[in-house]
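Structure at a glance
This is what each chain is made of:
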Amino acid sequence: EAEVAQRLDLDAALRRALERDQLGLAAQPIVLLETGRVAGFELLLQWRRPGMPDLSPVSFIPLAEDNGMIVEIGRWVMQEGITTLAEWRARGLAEGMTVSINVSARQVREPGFADEVLEMLNAADVPPESLLVELTEHALVDLRVAQAALDQLRDAGVKVSLDDFGTGYSSLTQLRTLPVDQIKLDRSFAAALDVGSDKQRAVVESVVSLASALALDLVVEGVETLAERNALLDIGVRKGQGFLYDRPLEFADARRLLESGGVCAVPVA
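What counts and what doesn't
- All residue numbers refer to positions counted from 1 along the written sequence of the respective chain.
- Given that the model is predicted, a residue must reach a pLDDT of at least 70 before its local features are reported, and side-chain atom pairs must reach 80 or more before they are shown or counted; all residues, however, enter totals for whole chains, interfaces and linings.
- Only hydrogens and water are removed before side-chain values are computed, so all heavy atoms of the structure are retained for them.
- Any Lys or Arg side-chain nitrogen found within 4 Å of a carboxyl oxygen on Asp or Glu counts as a salt bridge.
- A run of DSSP states H or I qualifies as a helix once it reaches four residues; a run of E qualifies as a strand once it reaches two. Both are numbered from the N-terminal end.
- Each residue is assigned to one of three classes by its accessible area relative to the maximum for its type, calculated with a 1.4 Å probe on protein chains only: buried under 20%, partly exposed between the two thresholds, exposed over 50%.
- A pair of aromatic rings is counted whenever rings of Phe, Tyr or Trp (Trp by its six-membered ring) have centres within 6.5 Å, and the orientation is called stacked for planes under 30 degrees apart, edge-to-face for over 60 and tilted otherwise.

Let's shift gears to the pattern of salt bridges. This model, assessed by the stated rule, comprises 12 salt bridges. Two residues, glutamate 116 and arginine 75, come together in a salt bridge whose shortest N-O distance is 2.8 Å. Within this pair, whereas glutamate 116 is found in helix 5 (residues 113-124), its partner arginine 75 is found in helix 3 (residues 69-90), the two being separated by 41 residues in sequence. What makes glutamate 116 partly exposed here is its relative accessible area of 28%. Counted as one network, the salt bridges with shared partners bring together Glu42, Glu134, Lys184 and Glu221.

Let us look at the packing of aromatic side chains. One pass over the full model with this rule turns up two aromatic pairs. Arranged with centres 5.4 Å apart and planes meeting at 55°, the rings of phenylalanine 41 and tryptophan 88 form a pair that is tilted. A residue pair is termed long-range when its members are at least 10 positions apart, and phenylalanine 41 in strand 2 (residues 38-47) and tryptophan 88 in helix 3 qualify at 47 residues. By relative accessible area, which is 0% here, phenylalanine 41 ends up buried. Measuring from centroid to centroid gives 6.0 Å for tryptophan 88 and phenylalanine 251, while their planes differ by 75°, and the two rings are edge-to-face. Of the two residues, tryptophan 88 sits in helix 3 while phenylalanine 251 sits in helix 12 (residues 251-259), which places them 163 residues apart along the sequence. The pair formed by tryptophan 88 and phenylalanine 251 is uniform in burial state, with each residue classed as buried. In textbook terms, an aromatic cluster arises when at least three aromatic residues are bridged by ring pairs, as seen for Phe41, Trp88 and Phe251.

Printed below as a string of structure tokens:
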């Protein structure tokens, strides 16, 4: 009963969070591993509750999907991300840079989803090639009904990224047929390299080779140590994100990073 009551309270609070301006976004740099140069940002959602700890998406996104709020929240995130990228581009700070935005299966299944995204890009004068739509493996496998929406986005130039690769339903057949342009290797694979396991290294090497063979962009998530970064470079990974380079930043801090040259400090051995 206590769990049900807590969920109901959270549900009611979430419905008010957007109108009370409690939802916020942070931007984590996606970098070239060797130089630390920023290639793009992934936008991460946070629920900032007054007088209480912030909540990460894993704590409330499932609830938002159940109660339907995810559509409204997702629309807000998309608009905020595109508007911010447009502002950075207008300052001459983000030429050729991308913004990655997580979307849920329920969002993509909404009628007119692709049209809405493309209208936002057009209104902000942001090229479609600057946007990456991130979906989990589970969502993509279940999205056959939304194939037309993803095809429409990709035909316009928007890229589709497969998030948390390696943790769900990965198979060669699915990777060959899913409408994706990028795969993001789950952070657990980078962490495993830190222990020097030949087996783990072979797994990552195989993913690098597979991405290259299928002409897919590859990003490794959760790069946290110099040993992980060096092992990834040695294997042939060129792009990643993680605390070794920078934590998720407030938009103002992300802009200052771009203004200072757009390079995250690269630790030295």
